[in-house]
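An overview of the molecular structure
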Amino acid sequence: MLKRRIYQYLGAACLSLSVGACKMPELVVKNENRTVPASYNNAPAQDTASTGRVQWKQFFTDPNLAALIDTALRNNQELNIAQQEIQIARNEVQIRKGEYLPFVGLGAKADAARPGRYTLQGATEEEINIKPEHRNPEPLQNYQIGAFASWEVDIWHKLRNARKSAALRYLATVEGRNFTVTNLIAEIANSYYELLALDNQLAIVRQNIEIQSNALQLVRLQKESARVTELAVQRFEAQVHNTRSLQYNIQQRITETENRINFLTGRYPRPIVRNDASFNDLVPSTIQSGVPSQLMLNRPDIRQAEQNLAAAKLDVQIARANFYPALRITGSAGFEAFKPGLLFTTPESMLYSLAGDLVAPLVNRNGIKAVYGNANALQTQAAYNYERTVLNAYVEVSNQVANINNLANSYNEKAQEVQNLNQSVAISNNLFRSARADYTEVLFTQRDALESKFDLIETKMQQLNAMVNVYRALGGGWQ
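Residues numbered from 1 in each chain as written. Predicted model: local features only at pLDDT ≥ 70, side-chain atom pairs only at ≥ 80, totals over all residues. Heavy atoms only, no water.

**Some points on the packing of helix H5 (residues 77–100) against helix H7 (residues 158–224)**
Running from amino to carboxyl end, H5 crosses H7 at an angle of 170°, the nearest separation of the two axes being 8 Å. The orientation of H5 relative to H7 falls into the category roughly antiparallel. Classifying every residue of the contact of H5 with H7 gives 14 nonpolar, three polar and eleven charged. (Axes fitted to C-alpha atoms, helices over the stretch in contact; angles between N-to-C directions. Helix = DSSP H or I, 4+ residues; strand = E, 2+ residues; numbered from the N terminus. Parallel < 35°, antiparallel > 145°, perpendicular 65-115°, else oblique. Nonpolar A, V, L, I, M, F, W, Y, C, P; charged D, E, K, R; others polar.)

This is the structure:
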């Protein structure tokens, strides 16, 4: 039942990238403020343009981010390693192509031998002279030069299928590199937006340090006038130290994020050029996920799994061909003589041979069966991997589209929360000055306002990351 299900899956229209066989709903995000829930009905999907087909230079318009991505595409070590994998796979294709063609070589040989007298060859040479009154030389020399050829006739298409399998795996390595490019661009963009968010959080912390320091001075003056106690002074001062400690933590995270971007771009640590003032003005792009067939056509990892699946199918045919007889033709042509001066004497020194061997496995069939069983298992494994890759691609798009919708609503609520808490801070300060509020209310309100501003920036960063992740999930960036 398991193999039957796998073979049915291999023959499904999903493998040929048809839309109807996959039956995956279309997901469309119209706007970050006007969210449209994902449609899970069975209505036919319209062929809308997928955001995944947009080039990364058009999707990421920040010139500083574009410069980082461009540098990474030239210098990233992982990408260069993937490029060498492509070269190795290309060489493998040439190797398989060479095995399919006849092997022809030129060779020369010189040797000398003295067989024992009481051997058949020695006794023959003792009785027969080369010419009358001319005995055979001792030791007898031999010189040979010629061309030698061998060719395995590909009756069962074993060598031809091996060449096709290598070509498919070469295409799979190309798709693997494309998938690396997609992930690399997404990782740099996410790190860049995280860096902008940290810069804005650091600016907010510094503003709060200034506000809290002013409040501390006010509390000290009120203590001198006996309006508050030393406890209030110590609580306000502790709050200032806490915020300063948070400042250093953010500075450390900024350094680590900058170094992560430098690592991805293949550079040693250096400051990252960015415009953190534009962070709050960044709006997630409009995302069009398109129809499922576009997702399957555009995702490099799906195409890579498809190429590996096709190669595994050919490997089964190659393993099956090992059960059949193999026909090998060998031949040679050249010159051979016992003296160099007679080497090119024709026709006496000419040699040629032609032979054909037809060999079928007899004793070691169990070993061939094991290889064939492994090939079938690997094909089944490749089918499962293809199915998992397609399913994972759709789940990623579905999750990130839902994430964009939910984060848009969350951002609106967080913005309202920040606005309310900012007003609360002003009110609490006024009440505290007029002795109508306790100092703890001021501290708690300032703390809540700081946390809400941090959360707002964090939500904005998550929105931008969700936009990047949808672009990656749709297979964008490698074009």
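Let us keep going from here.
**Thoughts on the packing of helix H4 (residues 63–75) against H7**
Packed helices, taken two at a time, are described by the angle their axes make and the gap between the axes. Closest axis-to-axis distance for the H4/H7 pair is 10 Å, and the angle between their directions is 145°. For H4 against H7, the interelement crossing comes out right-handed. Residue-level contacts link Asn64, Leu65, Leu68, Ile69, Ala72 and Leu73 of H4 to Val181, Leu184, Ile185, Ile188, Ala189, Tyr192 and Tyr193 of H7. Here the contact of H4 with H7 is built from residues that sort into twelve nonpolar, one polar and no charged. (Left-handed = near helix turned anticlockwise from the far one by under 90°. Contact = heavy atoms within 4.5 Å.)

**Quick notes on H4**
Between the first and last C-alpha of H4 there are 18 Å, a value that for 13 residues agrees with the 18 Å anticipated at 1.5 Å per step. Contact partners of the buried residues in H4: helix H3 (56–59), H5, H7 and helix H8 (230–264). Of the residues that open H4, the one with a side-chain oxygen 2.9 Å from the backbone nitrogen of asparagine 64 is aspartate 62. (Expected span 1.5 Å × (residues − 1). Polar contact = N/O pair within 3.5 Å; in protein donor to acceptor, adjacent residues only side chain to side chain.)

**Describing the pattern of salt bridges**
According to the stated counting rule, one finds 18 salt bridges in the structure shown. Between lysine 158 and glutamate 152 there is a salt bridge; the shortest N-O distance is 3.7 Å. Note on glutamate 152: relative accessible area 18%, which makes it buried. Arginine 274 is the partner of glutamate 258 in a salt bridge, and the nearest nitrogen-oxygen pair spans 2.5 Å. Linking glutamate 258 in helix H8 with arginine 274 in the loop between H8 and helix H9 (292–298), this pair joins segments that are 16 residues apart in sequence. You can call glutamate 258 buried: its relative accessible area is 14%. (Salt bridge = Lys/Arg side-chain N within 4 Å of Asp/Glu carboxyl O. Buried < 20%, exposed > 50% of the residue type's maximum accessible area, 1.4 Å probe, protein only.)

**Things to note about the pairing of strand S4 (residues 350–359)**
Burial analysis of S4 places just one of its ten residues in the buried class, which makes it a mostly uncovered element. Here strand S3 (residues 326–337) pairs with S4 via ten bridges, running antiparallel. If you follow alanine 333 over to S4, its bridge partner there is tyrosine 352. (Pairing = 2+ DSSP bridges.)

**Some points on the packing of aromatic side chains**
Aromatic rings considered in pairs are described by the distance between their centres and by the relative angle of their planes. On inspection of all chains with the given rule, the structure shows seven aromatic pairs. Plain terms: the ring middles of tyrosine 192 and tyrosine 193 are 6.0 Å apart, the flat faces sit at 65° to each other, and that makes the pair edge-to-face. Each member of the pair tyrosine 192 and tyrosine 193 is classed as buried. (Phe/Tyr/Trp six-rings, centres within 6.5 Å; stacked < 30°, edge-to-face > 60°.)

**Some remarks on the sheet that holds strand S2 (residues 140–153)**
Through backbone hydrogen bonds, the strands of a sheet pair up, either in parallel or in antiparallel fashion. Spatially, four strands are ordered S1-S2-S3-S4 in an open sheet, and the strand pairing comes out antiparallel. The outermost strands of the open sheet, each flanked by one partner alone, are strand S1 (103–113) and S4. With strand direction ignored, the average angle separating the axes of adjacent strands in the sheet is 20°.

**What to know about H7**
Taking 1.5 Å of rise per residue, 67 residues should cover 99 Å, and H7 covers 96 Å from first to last C-alpha, within 8% of that figure. Remark: alanine 226 follows H7 within two positions and exhibits a positive phi of approximately 65°.

**Regarding the side chain of serine 191**
Among the secondary structure elements, serine 191 is positioned in helix H7. Residue serine 191 is classed as buried on the basis of its relative accessible area, which comes to 4%. Once you skip the residues sitting within four places of it in the chain, serine 191 turns out to touch Thr257, Arg260 and Ile261.

**With respect to a nonpolar patch on the surface**
There is a patch of nonpolar side chains on the surface, built from Trp151, Ile329 and Leu354 and spanning about 310 Å² of accessible area. In this structure, isoleucine 329 sits in strand S3. (Patch = residues over 30% accessible without salt bridge, like charges linked within 9 Å, V, L, I, M, F, W, Y side chains within 5 Å. Areas by Shrake-Rupley, 256 points an atom, 1.4 Å probe, with all protein chains shown as cover.)

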